Structures are given as C-alpha cells and as structure tokens.
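A structural walkthrough
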Amino acid sequence: MALGSTDRKLFLGARLKRLRRELGLTQTRMAEDLGVSPSYLNLLERNQRPVTAQVLLRLAEAYDLDLKTLSSDPESNSATGLAEVFSDQLFRDLGVARHEISEVADSAPGVSEAIVRLYRAYLDQRRLGELGHAGRPEEGAFESSVVTPSDWVRDYIQTQKNYFGELEEAADRLVSELRPEPQDYAIAARSRLLSKHNVQVRVVPVEVLPESVRRFDYHRKRLFLSEVLTGAGRSFALAYQLAVLEHGELLNALADRAGPPDRPTRSLVKVSLANYLAAAQLMPYQAFHDAAERTGYDIELIRARFGVSYEQACHRLTTLSRPGARGVPFFMVRVDSAGNVSKRFAGGTFPFSRFGGACPRWNIHSSFRTPGRIVTQVIETPDGQRYFTLSRTVSRIASPYAGEDAELAVGLGCELKYAERLVYSRGLDLKEPVATAIGPACRICERPACPQRAAEPITRTLTVDDFTKSISPYPFAST
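Quick summary incoming for the structure in this document. (Residues numbered from 1 in each chain as written. Predicted model: local features only at pLDDT ≥ 70, side-chain atom pairs only at ≥ 80, totals over all residues. Heavy atoms only, no water.)

The phi torsion at R179 lies on the positive side, around 50°, for a residue other than glycine. With respect to the element layout, R179 can be found in the loop between helix 10 (165-178) and helix 11 (185-197). Residue N198 is not a glycine yet carries a positive backbone phi of 55°. In this fold, N198 is placed in the loop between helix 11 and strand 1 (200-204). With relative accessibility at 52%, the residue N198 sits in the exposed group. (Helix = DSSP H or I, 4+ residues; strand = E, 2+ residues; numbered from the N terminus. Buried < 20%, exposed > 50% of the residue type's maximum accessible area, 1.4 Å probe, protein only.)

With mixed pairing, the 3 strands of this open sheet are ordered in space as 1-3-2. On the outer flanks of this sheet lie strand 1 and strand 2 (214-217), each paired with one strand and no other. Ignoring strand direction, the axes of neighbouring strands in this sheet form an average angle of 20°. The pairing of strand 1 with strand 3 (residues 222-226) spans 5 bridges and is classified as parallel. (Pairing = 2+ DSSP bridges. Axes fitted to C-alpha atoms, helices over the stretch in contact; angles between N-to-C directions.)

Looking now at the nonpolar core. In terms of nonpolar packing, the biggest core is built from 75 residues, with L167, Y297, I299, L317, F330, F388 and L412 touching the most fellow members. Residue contributions to this core peak at 9 residues, all from helix 14 (residues 263-282). Apart from the residues within four sequence positions on either side, Y297 is in contact with A292, I302, L317, L320, G327, V328, F330, R421, L422, V423 and Y424. (Core = buried A, V, L, I, M, F, W, Y, C linked by side-chain atoms within 4.5 Å. Contact = heavy atoms within 4.5 Å.)

Another point: helix 3 (residues 38-45). Along helix 3, the residues that are buried comprise L41, L44 and E45. Down the axis of helix 3, the buried side of the element spans an arc of 95°, and every buried residue falls inside it. The inward-facing, buried residues of helix 3 contact helix 1 (13-23), helix 2 (27-34) and helix 4 (53-63). Looking at the residues trailing helix 3, positive phi occurs at N47, about 60°. (Arc of directions from axis to C-beta.)

Purely geometric stuff here, so don't read any function into it on its own.
Have a look at this one:
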C-alpha cells in the first residue's frame, strides 16, 4: 500500500511490537527514538491509534527500515500459507474468514508458520498412505511425515527475505583482497586456493566424476571439477570452495543460529549459505546492484558483465535487500517441463502456492516452446495483485545422455509497480496492461471457467450435468 493513501488508516500494532522486540528495545527506548511518549507508543501497539506518516518516517530514519515491511498489506507469505491450509476440506465447516487468517498471521507469525509446517507434515503422511506406504509406526513408516530438509531450508531462507548481511560483508572483504576483474574471477580464485590453502584445481573427464560435477579431496588438497561444467559453473565451484575454506566458521555459526531440527537439515543449511557466499563473491553486492540499476535490470548484459549464467544472475537479483541499497524485490521459480518446482526464492512477495506447482496459465510453461528467449507477461492473482514476469529456458549441466529433459525454465517476477524500472517493460502500457488471471494450485484456486483447470477446488462443489459442456473440465458452484 502506498504511503500516500489517505482513505485507509494504518493499524500496525502487532508489527510494531514485533519490530521492537526484534530490536531488543523497551517501549520507553523506542518512544525516545521516535519522539513520542511511551503511553502513545503503547496505544499504537494495541491498535488504539493509527500509525501516522510521521511515525513511519521516523521509524525508517531511526532503524534504517524499508517502509514497505511495515506498511504493506497483511496478505503476507504467512497469511497466504495459512489461507492454503484452511482451504482444505478438513476445515471447510469452520468457515474461517480471510480477515481472521490475516489477523493471526500478522499478530503471531511464528504460530502461523508452525501451523503451516504441521499441515505440510500431514500432507506428507497422507501422500504416503495414498502410495501404499502406510505401514506400522514401529517400521518407521511415518518418519517422513515431518518437514523435509529442503522444505525447512527453503522456508528459513524466505523468513530472511533471502538476504544475509554477514555473508555479504564477508564476500566484500574477500573480493577486496582478491581484486579480480569481473571476467577473471576464476584466475584470481585459483591463485588464492593455491597460495593460501595449497589446493590445486583440476578439470577432469566426465568418466572420472560420472555422478558429480565437483569433488574436494581434503587430504590430497585437490579440487576436481567436471569437464561438463560451463565457464560460469566452474567459477561458481571455485567460489564455493573458497567460501567453505575461508569462512567455514562463519557458515557453521550461521547454520547453528538457524536452529535446524536435525543433522541433514543443518548440512543443507550450510551448503545453501555457502552457495549464497559464492554468488556474493562472483557478483559483489554494490557493483551488482549498481549495474542492475544502470542497465534497467538487463539480465543478459548483467550476466555478461560478471561472467555468470542467466540463472545465477536471476538468483542474485532476489537477494538485493541491503538497507540503503535495495533493488527491485524479485521472486524466482525454476521448473522442469512437467511443472515440478526445483527452486523458489523471493526477496519480497511470492504469489504462488507453497504446496503445489505454478499455475499453468503462467507462461513459464510455454517458454519451453521458445528455448533461450525471454518472454514477458503481466499476471494477476485472485486477490487483485499484479506482477510483471520474465520467463526463459536454461540448460541443465551437459552430459553424454542429455535428451529432451535437458531444459529447465526460470521465471523471475516483481510487483507491477516496479516494472517501470525494467528494460523489459519498455513500450508496454503499465497503467492498463493486459493481465492474465492466474491462481495458486488448482485444488485451492477458485477462479471460475478456467480451461486449464486440472482439478476442482476443494472449497467448492463440483457441478456436472448431462445438458451442458463447460469451458472448464471441472465446473463448480460459486458458493
């Protein structure tokens, strides 16, 4: 919601209280920082007074905040996740209203996330039963009904808005010592690995590493890279190894601080953080942010400048959330030709289902028909929000057996209000765009008359008769 809106008052008590607690401040201390009385701040936190524009500006100045983190509408990721949970047939008789969901998500985000995780565990258990794997508990049949490591890590990264300031600072220090030219990072990294860590790098045939693309021999101090890696892939592998060797203690500390539930999840957290640090070396924050802004977020030009792949550049664009130097808050999704989602990251709002794939009406799926070409689209979600998206195919790592499944598709998007900053929107009418109506997973999408619908929504009654053939294969009642 824009700050200039005058027809709606901002009651942000829960978010204001949560911010104060995260900063470790008393009401008296925060009141002093904002130039208000403790009693007035107390009224704000209890939603007995609306937050004024002056207070918002003081918050931004005192704590270096992005105002949209406080003033955005409560249709947050937590609210979206809860909405999916309570749309299940299991809760249909409760009639949980959307405003109730928003209030819970806004007031108790931790509780909301716990409910979402519990629901995910329930879904996993139900799917096991459908597949015929519901054995006796003592056989360990239900051990996988907990949140998987990949889901846990994905959710953790999202809670951080895909930004880790300590890793950015570590990358900046390392790059200042390496002082590489953007196109010569691999040369500088090889030299650093050899001179400081006595690690030699070798590119080996695919027969030597048939099932992996990188392997580090700790005892012999050898880093083996597969010949199937592209130049960008080899640079990333070198950056990853440097990240682990030079900042292992930091990575371990951050992984422990995340509080993962078990060892496999902790290992995946550390790998994910090391990947983040590797990308931050290849694409240093300030230089990358400046290049993105100057080029209008021209991904092809940016990736050429930093010697990275299209997918690496897209992924890095979702991390531009540094206070005082924020970029466009992008979300990113990677899918295969069957629609399976293998990556999803967001620096801001994420408009898709947490429990399913992407809507078939989004042209990320049709991008497989035009490999290597960027296609744009304006999409509109059921809540009326509009997003500007880019989709393009990328190749998997080459192998002797690559066939029709060698392509993946990467979708990148942002709220429509940011689209004017992108070179890809030039010549488009952003005030009155042609928007494609999309939804979350079909089971929870209530858009009527959708010809691409794969299932009826679980919140509606299927209405099929002998007299009418509808556009949608699954027509349903409106209420």
